[in-house]
Amino acid sequence: MASRISELVIDAADPDRLAAFWNEVLGYVELDREPDGSIEIGPADAGFGGPRPTLVFSPSSEPRTGKLRLHIDVNATDRDQDAELERLLALGARPVDIGQTGTESWHVLADPEGNEFCLLHTRLKPL
C-alpha cells in the first residue's frame, strides 16, 4: 500500500492571480473557493482525487524568505519546449537565474509571485 499526492497547498499573496496563472499553465479550472480565500484548481474532468493533483492557493501575508524548498516541474504535452516556453512567458512567467550553467535541458522560471518552477525538455502524453 502506498500514498499518492492529491493536492499541493501553496501560500499566496494573491490567490486569484496565482490560480488564474496556473489554470492557464496546466489547463485546470477553479474547483472550489473557501471562506478564508483559498482557491482550489484542478482538472475539470476529474477534480480532487483524480490522476493529477489539485493545487490550493491559500492566502498569506507573510513574505517568502529564501529559496523554495519545493518547486514544480512542468512538461509540454502538445508542443515542443521552445513553443511552450513562449506560451509560459506570455502568460506572465519570467526567467530566473538560480545559478544555471546554460547547458541545462530545462528552463527555470518564476510564476507571478516569484515561485520557481522548471519547464523540462521532454514532451509528455496528455492524461
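Preceding this paragraph is the structure being described.
K.L.:
What am I meant to see in the packing of aromatic side chains here?
P.N.:
Any aromatic ring pair is given by two values, namely how distant the centres are and how the planes are angled relative to each other. Enumeration over the complete set of coordinates arrives at three aromatic pairs. Ring centres of Phe21 and Trp22 lie 5.3 Å apart, and the angle between their planes is 90 degrees; on these two criteria the pair is classed as edge-to-face. Per residue, the accessibility class of Phe21 equals that of Trp22, and both read buried. Geometrically, the ring pair formed by Phe21 and Phe117 is edge-to-face, given 6.2 Å between the ring centres and 65 degrees between the ring planes. Of this pair, Phe21 sits in helix H1 (residues 15-26) while Phe117 sits in strand S8 (residues 116-119), placing them 96 residues apart in sequence. Summarising the burial analysis for this pair, Phe21 and Phe117 share the class buried. Feature note: the residues Phe21, Trp22 and Phe117 constitute an aromatic cluster, connected by ring pairs.

Thresholds, definitions, all that
Residues numbered from 1 in each chain as written. Predicted model: local features only at pLDDT ≥ 70, side-chain atom pairs only at ≥ 80, totals over all residues. Heavy atoms only, no water. Phe/Tyr/Trp six-rings, centres within 6.5 Å; stacked < 30°, edge-to-face > 60°. Buried < 20%, exposed > 50% of the residue type's maximum accessible area, 1.4 Å probe, protein only. Helix = DSSP H or I, 4+ residues; strand = E, 2+ residues; numbered from the N terminus.

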